[in-house]
Amino acid sequence: MRVRNPLSPRSPEINPNTNETALAALKVELVRLANLEPNCISLPYVGRSRLSVRRVVRRRHSGFVNLFHSRRFGQLETESLLEFDFLSVSECDSGIQAIISQPVVLEWRDRSGRLHSHIPDYGVLVDGEGVIAEIKTDRDSRLTNMIDRTSSLKSALPAHGFKYEMYTESRIYQEPRYTRAQTLLAGLSYRPSDEDISRVGRCLSGQASGKEAARIIHDLNEKPEFIYNVYAMAIDGRLLVSSDNGPLRFSISKVEEAKYVSRI
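Just so it is clear, the structure is predicted and the values come from calculations on it, not from any experiment. (Residues numbered from 1 in each chain as written. Predicted model: local features only at pLDDT ≥ 70, side-chain atom pairs only at ≥ 80, totals over all residues. Heavy atoms only, no water.)

Colleague: Just checking my understanding: could you explain the environment of Arg-199 for this structure?
Modeller: Structurally, Arg-199 is set in helix H7 (residues 194-205). According to the relative accessible area criterion, Arg-199 is buried, its value standing at 18%. Between the C-alpha atom of Arg-199 and that of Ile-216, which follows or precedes it by 17 residues, the distance is 7.2 Å. Excluding residues within four positions of it along the chain, Arg-199 makes contact with Arg-215, Ile-216, Asp-219 and Phe-226. (Helix = DSSP H or I, 4+ residues; strand = E, 2+ residues; numbered from the N terminus. Buried < 20%, exposed > 50% of the residue type's maximum accessible area, 1.4 Å probe, protein only. Contact = heavy atoms within 4.5 Å.)

As structure tokens, this is what we get:
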């Protein structure tokens, strides 16, 4: 496997030792993005880093080009509705810390030894681990050349600190994760005020009681913008979302609890 810079997709083959350099640079960039504070501003959102960290290379077969306006990762280009839905789910997944579109050009060899170039869909930082993510339909994932490429890259990438993951439609639309993400995305364009953050924090931490707690619960039931702000706080990682199959339930970590209470 070789790695080339997508800024020069037709450049000649380079020394395979540069694989480590290119993928190490990608890991550094993903970690840098993950360490930035969320910019919780209303859409449209220009993004907190460069609009495209690396130039997006359009594939000749792609007929769908759109932007996903992420409040966590900046603007990300998609080439299919499936990619768009992958980003929608990722936006609401606290384990996903950073995403970059089409981050590198990989070269791999099939069973016959023929060399191929491949531009993966996304570079992702998941719980501190680098992942090269490919988005494919269930049908396409079963094609022979896709199986060969996946096998080759799964074997080669760990040596460079990355995993290669295929995200199929069955995986992306897995329930209740997908439906929960669609619910939380209703708060994507909301920017919670310090007062909202403090009130929700006091309620979830048990600091609010009596009439104050009753008023917060009333607002949650009667004021749509308030619950949308709660959804926005969940997207930003300020609130933890229950991972079971029941209704959405929110909580806060001990670290975040101290921040909320300090805003009283």
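After that view of the structure, there is still more to cover.
Colleague: So what exactly am I meant to see when it comes to H7 here?
Modeller: For an α-helix, the turn length of 3.6 residues means that residues three or four places apart are oriented alike. When the terminal C-alpha atoms of H7 are compared, their 16 Å separation across 12 residues agrees well with the 16 Å that a helix rising 1.5 Å per residue should span. Along H7, the positions that sit buried rather than exposed are Asp-196, Ile-197, Ser-198, Arg-199, Val-200, Gly-201, Arg-202 and Ser-205. (Expected span 1.5 Å × (residues − 1).)

Colleague: It is not clear to me how the nonpolar core should be interpreted in this structure. Could you clarify?
Modeller: Side chains of a nonpolar character, in soluble globular proteins, are inclined to be buried together. In terms of nonpolar packing, the biggest core is built from 34 residues, with Phe-86, Ile-99, Tyr-122 and Val-124 touching the most fellow members. Breaking this core down by element, the ones donating at least two residues are helix H2 (81-91), strand E4 (96-101), strand E7 (122-126), strand E8 (129-136), helix H6 (177-184), H7 and helix H9 (224-235). In terms of residues, this core owes the most to one element, H9, which gives seven residues. Listed in part, the 14 residues of the second largest apolar core include Leu-30, Ala-98, Ile-100 and Tyr-164. (Core = buried A, V, L, I, M, F, W, Y, C linked by side-chain atoms within 4.5 Å.)

Colleague: How should H9 be read in this particular structure?
Modeller: Relative to the 16 Å expected for 12 residues at 1.5 Å per residue, H9 spans 17 Å between its end C-alpha atoms, a close match to the ideal helical length. For H9, a buried count of nine out of 12 residues is recorded, marking the element as mostly surrounded by other parts of the structure. Every buried residue belonging to H9 is among Phe-226, Ile-227, Asn-229, Val-230, Tyr-231, Ala-232, Met-233, Ala-234 and Ile-235, and all of these are buried. Positive backbone phi, approximately 85 degrees, marks Gly-237, located one or two places after H9.

Colleague: Is there a simple way to think about the side chain of Glu-79 in this case?
Modeller: You can see Glu-79 is positioned in the loop between strand E3 (74-78) and H2. Relative accessible area serves as the criterion here: at 8%, Glu-79 is assigned to the buried category. A polar side-chain atom of Glu-79 sits 3.5 Å from a polar atom in the side chain of Gln-102. (Polar contact = N/O pair within 3.5 Å; in protein donor to acceptor, adjacent residues only side chain to side chain.)

Colleague: Can you help me understand the packing of H7 against H9 in this one?
Modeller: Each packed pair of helices is defined by two parameters, the angle between the axes and the distance between the axes. Two elements in contact, H7 and H9, have axes separated by 11 Å at closest approach and are oriented at 80 degrees. Judged on the interaxial angle alone, H9 and H7 are roughly perpendicular. Where H7 approaches H9, its residues Asp-196, Ile-197, Arg-199 and Val-200 are matched on the opposing element by Phe-226, Asn-229, Val-230 and Met-233. A class-by-class count of the residues in the contact of H7 with H9 yields five nonpolar, one polar and two charged. (Axes fitted to C-alpha atoms, helices over the stretch in contact; angles between N-to-C directions. Parallel < 35°, antiparallel > 145°, perpendicular 65-115°, else oblique. Nonpolar A, V, L, I, M, F, W, Y, C, P; charged D, E, K, R; others polar.)

Colleague: Hey, could you run me through the confidence of the model for the protein chain in this one?
Modeller: Predicted coordinates in areas of low pLDDT are best not read in detail. Here the protein chain averages 75 in pLDDT, while 74% of its residues score no lower than 70. Counted against residues more than four places away or in other chains, residues 5-18, with its pLDDT under 50, gives 23 contacts. With pLDDT under 50 throughout, residues 38-58 is counted as low confidence; its partners more than four residues away or in other chains account for 55 contacts. (pLDDT = per-residue confidence, 0-100.)

Colleague: Explain the packing of aromatic side chains here, please?
Modeller: What characterises a pair of aromatic rings is the spacing of the ring centres plus the angle enclosed by the ring planes. Under the defined criterion, the tally for this structure stands at seven aromatic pairs. Ring geometry for Tyr-173 versus Tyr-178: centroids 4.9 Å apart, planes at 85 degrees, classification edge-to-face. Tyr-173 gets classed as partly exposed once you look at its relative accessible area, which sits at 31%. Residue class for Tyr-178 comes out buried when judged on its relative accessible area of 18%. Here the aromatic residues Tyr-190, Tyr-228, Tyr-231 and Phe-250 are joined through ring pairs into a cluster of three or more. Its end group placed over the ring of Tyr-167, Arg-171 keeps NZ or CZ at 4.0 Å from the ring centre. (Phe/Tyr/Trp six-rings, centres within 6.5 Å; stacked < 30°, edge-to-face > 60°. Lys NZ or Arg CZ within 6 Å of the ring centre and 35° of its normal.)

Colleague: Can you help me understand the pattern of salt bridges in this one?
Modeller: Note that side chains of opposite charge can pair when their charged atoms are close. Counted according to the given criterion, the structure contains seven salt bridges. Across the pair Asp-93 and Arg-177 runs a salt bridge, and its minimum N-O distance is 2.8 Å. With Asp-93 in the loop between H2 and E4 and Arg-177 in helix H6, this residue pair connects regions lying 84 residues apart in the sequence. When the shortest N-O distance is used, the salt bridge between Glu-165 and Arg-171 registers 3.1 Å. A residue is classified by how much of its surface remains accessible, and Arg-171, at 32% relative accessible area, is partly exposed. In this structure, a network of salt bridges that share partners links the residues Glu-134, Lys-136 and Arg-149. (Salt bridge = Lys/Arg side-chain N within 4 Å of Asp/Glu carboxyl O.)

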